[in-house]
Amino acid sequence: MLRVSRSTVSKFQSPLFGGDKRACSAASLASTRKYSTENPLPESADVVIIGGGSAGCNALYQLAKRGVRAVLLEKSKLTAGTTWHTAGLVWRLRPNDVEIRLLAATRNLLMSLEEETGHNSGWINNGGLFISHSPERLDEYRRLATLGKCFGIESHIVSPEEAQKVFPPLDPAAFTGALYSPGDGVVDPAMMCTALTKGAVANGGRVVEDCTVSQIVTGENLLGMKDVRGVVTNKGTIRTNTVVNATGVWGRDLIEPLGVYLPLIPMKHAYVVSETMDSIHQMLPNVRDHDFSLYFRIQGKSICMGGYENNPILLNRVPGDFHFGLYDLDYSVFDTHIQGAVKLCPAFGDAGIKSTICGPESFTPDHKPLMGPDPTVSGLFHSVGYNSAGMMLGAGCAEQLAQWIIHDRPERHMFAYDVRRFSPKQKKALNWATERSHEAYAKNYSIVFPHDEPLAGRNFTVDPFHKQMIQYGAVMEERHGWERPGYFLPDETVVVQPYDWYGYYDYPKNANTHYEEALRGDYTFGFSEHHDLIGEEALTCRHDAALFNLSYFCKLFLTGSQAKEAAEWIFTANLDKPINKTIYTCGLNKQGGVECDVTVSIVESGLGGLHDPIFKGRGYYIVAGGASAYHTKCHILSAIQEKAFRAVVSDHTEELGVLSIQGPKSREILQKITDFDLSNDQLLPPNATTILTIKINPFYSCNVRVLRVSFVGELGYELHIPEESCNDVYNALMKAGYKESLRNAGYRALYSLSSEKGYHLWGYDLRSDDTPVEANLGFVCRKNGDYQGKAIVDRQLENGVSRRLAFFTLREQVPIWGLEAVYRDGEIVGHLRRGEYGYTLQKPIGQAYVQRSDGSVITNQFLQSGRYQIEVMGKLYDADCHLRSPFDPKGQRLLGIYK
């Protein structure tokens, strides 16, 4: 996205003052002239970083290390804002492989900074203890320990008595077990930032303190998109085409004048420091008691204790001059942590409190940072919203951000942190962001079960079938701001209630807890209470027919005079196909990683309906998964912008509902409500689309777009329906399928069925750090012509790959959810990216990328030989490895051939 190197500066010298005169206002130019010779600011920079906390200092270090001319501007002094008062905890284990790698990158840097810079980074390797009060919590720790093994992280499940030996002041009667991670530690934020900036300056980076940025100057590129031209400060102006917003709790303030919004909510966050305790010394491990929602950080001979309460004090905005400010601690909020701390460690209660630290911190709707390129202003990057985890994530995230800026994409799959995981509608909705951020804060230490749903910010976006879903007993899930059915409880009505803020802030707790009770059925690492019910939905699809509501899927039309060129550059498959052909394909980044997998239908101009728009030439109807809809759209738009294609993307996601009828009886049911001959494969062959007339009643019909595709491996059809006709089409289908046992099915069944068939799910077994060749998708990559990432794909097709996706079935009835370690002949070769239950195979199923320890090429012979085992909760279970799913390997069911 940004092209920065030592040789690129001259290319950005003129845009601020020459070229497009819209680049900055007259006032900005005047202030620039006034200050241009009165300060040590550089006239230009490859990258300007705004904010001198952990995020900014780490970004400066990583960019300077790579030869980028970067300057950091801090309106006060380094560490001002939130960094200076942070607890500085650094853990190694998280329930996510990407985060484990980010944490490892931070830890590795902290351990090497002093040797590189001559300045102590403030790192202390004192270890960490995770405390458990329940069997479920200990199961979660076992999962963490298992995943840690895949990355060489030492950890041990220990008894209360063993935990007390590591941390003597603990009361072993107060808890049931613990996880000990000896590689954890703590870092001093001021020492860390000093070491980072010294290292950065040694590599050509610049730091300017007491420098307030008043404006990010933007212009407009040839395609009408805003782009960064420079920054205006109290000390002058710097020309640049790249700005990193690393302003912490002030992350929203500077960018909103540009029309850029972030779901960033400041809150008060606190810890207390005990008086000196004889039983405490610096090398005792840090303690995290998730069930009591508190932590201990060792500081000399004192304990720093903080946590995450259910009623944090929310802030609207933090004053701009609150550089090193603190608030008075509200003990009515904080006392819950003190009570838990005294139960866990009675000596803490005897010691007394020496001081309190209560400062502002920034939080986000999913408790993850906001990173990466802003999709609306070219050259603006974000690195904010670290949710009190800036110390432990800072270096790892900055390393990825530097790659993002220089190479267009990070090395890791950073979607969980990418600002584009939120839609524009979500980013602008402050009430939604506040609700979700509150709940994410309150649940920060909650057990991460495989299936849980938020209570806050619900019903933000609902599709046209929402009321009918509820009437049929849907238990809804939320993804990307949309409500979607997870599964159906027959003869029940489960309504998601307005958020009650856990009964705080004068909100009464909801009397109707039916939805929460349904969620509790999934609060297990065993089989869900709804396991059999979901199985009934899945098997109905295999034996009869099921109806899936896919309305939140991304639905785009790509048109324009260069739509063909754009589509061929963005997508890997051969799109030189007849009109109405539907093709499954991938969109890659420049490193060959899969940014999206979609279906693309070749369409011609229609009659003007939402499903059948009018346009010139050949068009492309693109359908992608809903959970990453905006990310997919941004990837497509970014490629069009970079290549300056004359092409237009029209988003019809909210205007079209989608019903997918799948199963052996799907054709028979759909045929009842249309005169179109569905049995004629010449008219509608597999992987094709057409316009279909649906008979609602003898007096009324409506047109829809039908795609003969399947996400579950069955004969089936997707109906893409204009919003005004959705309810009528749904009712007509349900009526037509009544005698054929048609039933609603949710996403829990859908994902089980798709996994059983061996189809991919982007973000899980297919990500931006996986190539199509590694994912066994080489067949969607054409040989002729060029597309983004093709050089990488061609090289891998010729030379082979060192890791490959494989399909696993367990021989015992043990639930798997993903993150379980995979062993081959006693050696770890990967971990499950995805775990499901295959109801037709009657086995637990999963997908993992298998990698050899020596890094050599993975062959079919290697995959098919050896003894495989999967570690679940610390126990090894025999498994069978398959090159492809054993379910319907010839794809006969997709063709309607059932024997």
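Residues numbered from 1 in each chain as written. Predicted model: local features only at pLDDT ≥ 70, side-chain atom pairs only at ≥ 80, totals over all residues. Heavy atoms only, no water.

Peer 1: Please provide a residue-by-residue account of the packing of aromatic side chains, values included.
Peer 2: Taken as a whole and assessed by the stated rule, the structure comprises 27 aromatic pairs. Measuring from ring centre to ring centre gives 4.9 Å for Phe363 and Tyr441, while their planes differ by 80°; the resulting arrangement is edge-to-face. Residue Phe363 is located in strand S18 (residues 353-363), and its partner Tyr441 is located in helix H11 (residues 430-442); the two are separated by 78 residues in the primary sequence. Of the residues examined, Tyr441 reaches a relative accessible area of 0% and is grouped as buried. Centre to centre, the rings of Trp501 and Tyr507 are 5.9 Å apart; their planes meet at 35°, and the pair counts as tilted. Taking the relative accessible area as the measure of exposure, Trp501 reaches 8% and is therefore buried. Lys268 extends its terminal NZ or CZ atom over the ring of Tyr327, reaching a point 4.5 Å from the ring centre. The cationic tip of Arg705 hangs over the ring face of Tyr621; the distance from NZ or CZ to the ring centre is 5.7 Å. (Phe/Tyr/Trp six-rings, centres within 6.5 Å; stacked < 30°, edge-to-face > 60°. Helix = DSSP H or I, 4+ residues; strand = E, 2+ residues; numbered from the N terminus. Buried < 20%, exposed > 50% of the residue type's maximum accessible area, 1.4 Å probe, protein only. Lys NZ or Arg CZ within 6 Å of the ring centre and 35° of its normal.)

Peer 1: Tell me about helix H3 (residues 97-117), and name the residues and values.
Peer 2: For H3, built from 21 residues, the straight-helix expectation of 30 Å at 1.5 Å per residue is met to within 8% by its first-to-last C-alpha distance of 30 Å. Maximal helix bending in H3 amounts to about 35°, located at Met111. Every buried residue of H3 is accounted for by Asp97, Val98, Glu99, Ile100, Leu102, Leu103, Thr106, Arg107, Leu109, Leu110, Leu113 and Thr117. One or two residues past the end of H3 sits Gly118, with phi positive at roughly 80°. (Expected span 1.5 Å × (residues − 1). Bend = angle between axes of the 7 residues up to and from the residue.)

Peer 1: Which residues make up the nonpolar core, and what values do they have?
Peer 2: In summary, soluble globular proteins display a tendency toward joint burial of nonpolar side chains. Counting 100 residues, the largest nonpolar core has Ile49, Leu73 and Ile216 as the members making the most contacts within it. Residues within four places of Leu73 in sequence aside, it is in contact with Leu41, Val48, Ile49, Ile50, Gly51, Gly52, Val208, Cys211, Val213, Val231, Thr233 and Ile238. (Core = buried A, V, L, I, M, F, W, Y, C linked by side-chain atoms within 4.5 Å. Contact = heavy atoms within 4.5 Å.)

Peer 1: Give a description of the sheet that holds strand S17 (residues 302-307) that names residues and reports values.
Peer 2: Whether parallel or antiparallel, the strands of a sheet pair through hydrogen bonds between backbone atoms. What the eight strands build is an open sheet, ordered S6-S7-S5-S15-S16-S17-S14-S18; its pairing is mixed. At either margin of the open sheet sits one strand with a lone partner, and together these are strand S6 (156-158) and S18. For this sheet, the mean angle separating the axes of adjacent strands, direction not counted, is 20°. Where strand S5 (residues 128-132) meets strand S7 (residues 177-181), five bridges bridge the pair, whose relative direction is antiparallel. (Pairing = 2+ DSSP bridges. Axes fitted to C-alpha atoms, helices over the stretch in contact; angles between N-to-C directions.)

Peer 1: A description of the pattern of salt bridges should follow, citing residues and the corresponding values.
Peer 2: The tally for this structure, following the rule as stated, stands at 53 salt bridges. Where Asp681 meets Arg667, a salt bridge forms, and the shortest distance between an N and an O atom there is 3.8 Å. Highlighted residues: Asp681 in the loop between helix H17 (666-671) and strand S31 (689-697) and Arg667 in helix H17, separated in sequence by 14 residues. (Salt bridge = Lys/Arg side-chain N within 4 Å of Asp/Glu carboxyl O.)

Peer 1: Can you tell me about empty space enclosed by the protein, naming the residues and giving the values?
Peer 2: Evaluation of the coordinates by the stated rule reveals five cavities of 30 Å³ or more. Among the elements that line the lining of the largest cavity, the one with the most residues is helix H16 (residues 629-643), at six residues. In the lining of the largest cavity, the residues fall into five nonpolar, five polar and six charged. Both of domain 1 (47-83 + 190-264 + 367-417) and domain 5 (554-652) provide at least three residues apiece to the lining of the largest cavity. (1 Å grid on protein atoms, 1.4 Å probe; cavity = no way out; pocket = protein on both sides within 12 Å on 5 of 7 lines; lining within 4 Å. Points joined across faces, edges and corners; volume = space filled by probe spheres on them. Nonpolar A, V, L, I, M, F, W, Y, C, P; charged D, E, K, R; others polar. Domains from an automatic or database assignment.)

Peer 1: Explain the UniProt feature "domain: FAD dependent oxidoreductase central" (unreviewed entry) in the protein residue by residue, including any values.
Peer 2: The feature "domain: FAD dependent oxidoreductase central" (unreviewed entry), as given by UniProt, occupies residues 408-461 in the numbering adopted here. Across residues 408-461 one finds 33% helix and 0% strand; the C-alpha atoms that close the span lie 31 Å apart. (UniProt positions renumbered as here; feature names shortened; annotations may be inferred.)

Peer 1: I'd like a description of helix H7 (residues 331-344), backed by residues and values.
Peer 2: In a regular helix each residue adds 1.5 Å, so 14 residues correspond to 20 Å; H7 covers 19 Å between its end C-alpha atoms and thus fits that length. Buried residues of H7: Val333, Phe334, His337, Ile338, Gly340, Ala341 and Leu344, and no others.

Peer 1: Which residues make up the pairing of strand S2 (residues 70-73), and what are the values?
Peer 2: On S2, burial covers both faces: Ala70 and Leu72 on one face and Val71 and Leu73 on the other are all buried. Here four bridges tie strand S1 (residues 47-50) to S2, and the two strands are oriented parallel to one another. Considered in S2, the bridge of Ile49 is made with Leu72. As judged from the three bridges shared by S2 and strand S9 (residues 206-208), these two strands associate in the parallel manner. Each residue of the ladder has a partner; that of Val71, found in S9, is Arg206.

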